[in-house]
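# Residue-level structural notes
The primary structure of each chain is shown beneath.
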Amino acid sequence: TGLGVVPYAFITDVSTQTPGTVNPTIVTLSTNEVLNGIVHAPNTSAVIFPTSGVYLITISAQLGETVAGSTNIDFWIRLNGAD
């Protein structure tokens, strides 16, 4: 019943993370709300999927800026250390 043995996770962070650079910046996640078959150590960025397969990963972020203007923000995932 339900999700059964399907791996899933809900991992969050509510801290302010300021890149301070135009270079890639790792986003850390502090709280494991729910983990089932997925591994994540709190306050790190690595999420480990022990079972190979196809996964749906979604990112939701709240952004703000301190100066007026146009700013582009890109998020991407590293897979085994490669962007």
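Residues numbered from 1 in each chain as written. Predicted model: local features only at pLDDT ≥ 70, side-chain atom pairs only at ≥ 80, totals over all residues. Heavy atoms only, no water.

### Regarding the overall build of the chain
- Secondary structure summary: the chain contains 0 helices and 4 strands in total.
- Moving toward the C terminus, one meets the helices and strands of the chain in the order β-β-β-β.
- Rg of the C-alpha trace for the chain: 15 Å, well past the compact-globule value of 12 Å for 83 residues, more than 25% over.
- By its C-alpha atoms, the chain is 50 × 25 × 20 Å across when sized along the principal axes.
- Per-residue burial for the chain yields a buried fraction of 5% across its 83 residues.
- Surface summary for the chain: the accessible area is close to 7,200 Å², and the carbon and sulfur share equals 56%. (Helix = DSSP H or I, 4+ residues; strand = E, 2+ residues; numbered from the N terminus. Rg over C-alpha atoms; globule rule 2.2 N^0.38 Å. Buried < 20%, exposed > 50% of the residue type's maximum accessible area, 1.4 Å probe, protein only. Areas by Shrake-Rupley, 256 points an atom, 1.4 Å probe, with all protein chains shown as cover.)

### A closer look at unusual backbone geometry
- Its identity is not glycine, yet Asn43 carries a phi of approximately 65°, on the positive side.
- Structurally, Asn43 can be placed in the loop between strand 3 (39-40) and strand 4 (47-48).
- Residue classification places Asn43 among the exposed positions, given a relative accessible area of 57%.
- Of note, the phi angle at Asn80 is positive, near 55°, even though the residue is not glycine.
- If you trace the backbone, Asn80 turns up in the segment after strand 4.
- Taking relative accessible area as the criterion, Asn80 reaches 78% and is therefore assigned exposed.

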